[in-house]
Amino acid sequence: MNWRDHLQQRLLDTRPASVCALDAAAHQLVGDVLPDTPVRTHDPLPDTPCALALGIDALNGLNARQAQHLISQTRLYIAPRILLAVRMDCALDEDMFIALGFALAATDTTAKVRIHEYDLDTYKTVPDWLNARFWANPERWEP
């Protein structure tokens, strides 16, 4: 499956209520795949958050600082879920995407494109020790 087919399938699987297109190619893809879904652009910022932000050419030509700024702005103000198609020559490498909370969803080695996904709800697994069982248990204290 090539990267464009993967993006189309993710859009069909998730069927977001609204999409913020981070570039013209993303706007076109959402219009083709989900014609009834409202599509907004990131400039200016949407009035209300979108369910998903999609970028195909959004990071092309940006340096690492600019790319991180765009991703951070998108996470904070635009959408809790992000789907990015990233060329292999992107200023951000695989480790940087992992550090930003993204997961690698697919790689198209022929086209040299990677698909990265970010979901606020699942980007970090909750450790077992972080729950009510281990907090405020006076019976566990020994004098």
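See the structure shown above.
Residues numbered from 1 in each chain as written. Predicted model: local features only at pLDDT ≥ 70, side-chain atom pairs only at ≥ 80, totals over all residues. Heavy atoms only, no water.

A. Highlighting the pairing of strand 4 (residues 81-87). The element strand 4 is largely enclosed, with a buried count of six among its seven residues. As paired elements, strand 3 (residues 52-55) and strand 4 share three bridges and run parallel to each other. When the sheet's bridge partners are listed, leucine 54 is paired in strand 4 with leucine 83. Each parallel crossover has a hand, and for strand 3 linked through helix 3 (residues 64-78) to strand 4 it is right-handed. (Buried < 20%, exposed > 50% of the residue type's maximum accessible area, 1.4 Å probe, protein only. Helix = DSSP H or I, 4+ residues; strand = E, 2+ residues; numbered from the N terminus. Pairing = 2+ DSSP bridges. Right-handed = clockwise from strand over helix to strand, strands pointing away.)

B. Expanded view of the pattern of salt bridges. Following the criterion strictly, the structure yields four salt bridges and no others. Between arginine 81 and aspartate 119 there is a salt bridge, with the nearest N and O atoms lying 3.4 Å from each other. Of the two residues, arginine 81 is situated in strand 4 and aspartate 119 in strand 6 (residues 113-119); the sequence distance between them amounts to 38 residues. The salt bridge partner of glutamate 94 is arginine 114, with a shortest N-O separation of 3.4 Å. (Salt bridge = Lys/Arg side-chain N within 4 Å of Asp/Glu carboxyl O.)

C. Structural detail: helix 2 (residues 24-33). Of all the positions in helix 2, only Ala26, Leu29, Val30 and Val33 are classed as buried. Along the long axis of helix 2, the arc covered by the buried residues comes to 95°, so they all point the same way. Among the exposed residues of helix 2, those oriented more than 90 degrees off its buried face are Ala24 and Asp32. On its buried face, helix 2 is in contact with helix 1 (3-14), strand 1 (19-21), strand 2 (39-41) and strand 3. At the N-terminal boundary of helix 2, the capping side chain belongs to aspartate 23, with an oxygen 3.1 Å from the backbone nitrogen of alanine 25. (Arc of directions from axis to C-beta. Contact = heavy atoms within 4.5 Å. Polar contact = N/O pair within 3.5 Å; in protein donor to acceptor, adjacent residues only side chain to side chain.)

D. Here's a closer look at helix 1. The first and last C-alpha atoms of helix 1 sit 17 Å apart over 12 residues, in line with the 16 Å expected at 1.5 Å per residue. Tucked inside the fold, the buried residues of helix 1 contact helix 2, strand 3, strand 4, strand 5 (103-108) and strand 6. Where helix 1 begins, one side-chain oxygen reaches toward the backbone nitrogen of arginine 4, 3.1 Å away; that side chain belongs to asparagine 2. In the stretch just after helix 1, arginine 15 is the one whose phi turns positive, near 40°. (Expected span 1.5 Å × (residues − 1).)

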